[in-house]
Amino acid sequence: MKINQEIKDEIAEKIKEKKALLPCQRCGHKNFSVLDGFINLPLSKEISGNVIVGGPSVPCAVIACNNCGNLSNHALGALGMLNKEKKD
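Residues numbered from 1 in each chain as written. Predicted model: local features only at pLDDT ≥ 70, side-chain atom pairs only at ≥ 80, totals over all residues. Heavy atoms only, no water.

A. Examining unusual backbone geometry more closely. Backbone geometry at Lys19 places phi at a positive 60°, although glycine is not the residue there. Along the chain, Lys19 falls in the loop between α1 (5-17) and β1 (32-42). (Helix = DSSP H or I, 4+ residues; strand = E, 2+ residues; numbered from the N terminus.)

B. Local environment of the pattern of salt bridges. Evaluation of the coordinates by the stated rule reveals one salt bridge. One salt bridge connects Asp36 with Lys8, and the closest N-O pair in it is separated by 2.4 Å. A residue pair is termed long-range when its members are at least 10 positions apart, and Asp36 in strand β1 and Lys8 in helix α1 qualify at 28 residues. Looking at Lys8, the relative accessible area reads 14%, which means it is buried. (Salt bridge = Lys/Arg side-chain N within 4 Å of Asp/Glu carboxyl O. Buried < 20%, exposed > 50% of the residue type's maximum accessible area, 1.4 Å probe, protein only.)

C. Representation of the nonpolar core within the structure. Met1, Ile7, Ile11, Ile15, Val34, Ala61, Ile63, Leu76, Leu79 and Met81 form the largest nonpolar core, which has ten residues in total. Going through the elements one at a time, α1 and β2 (57-65) are the ones with two or more residues in this core. A total of three residues in this core trace back to one element, the largest contributor, which is α1. Apart from the residues lying within four places of it in its own chain, the contact partners of Leu76 are Met1, Ile11, Phe38, Pro59, Cys60, Ala61, Met81 and Leu82. (Core = buried A, V, L, I, M, F, W, Y, C linked by side-chain atoms within 4.5 Å. Contact = heavy atoms within 4.5 Å.)

D. Expanded view of the layout of surface pockets. Approximately 440 Å³ is the volume attributed to the largest pocket. Considering the residues around the largest pocket, the lining is formed by 18 residues, among which Ile15, Ala20, Leu22, Phe32 and Ile63 are closest to the centre. Contributing elements (two or more residues each) for the lining of the largest pocket: α1, β1 and β3 (71-75). Here the lining of the largest pocket is composed, by residue class, of eleven nonpolar, five polar and two charged. (1 Å grid on protein atoms, 1.4 Å probe; cavity = no way out; pocket = protein on both sides within 12 Å on 5 of 7 lines; lining within 4 Å. Points joined across faces, edges and corners; volume = space filled by probe spheres on them. Nonpolar A, V, L, I, M, F, W, Y, C, P; charged D, E, K, R; others polar.)

Structure follows, in structure tokens:
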């Protein structure tokens, strides 16, 4: 799945459906934007922090506060967005 305005709008809608509508935890601002890309947070089975390249990860959408820039990540699987990957 490639990020475009349609996907960004769908992510924003899914976040609203989940009622994740609290203001920014840092500044209290109420407006956020979905960034123009995804991140993959690597998972490690050891507390050492060693990450295996190509190992397991959590694909996420990144949301930024429009005021202070604080970032939050939302797992695409929890938003029901991973099945779109197979359709695209």
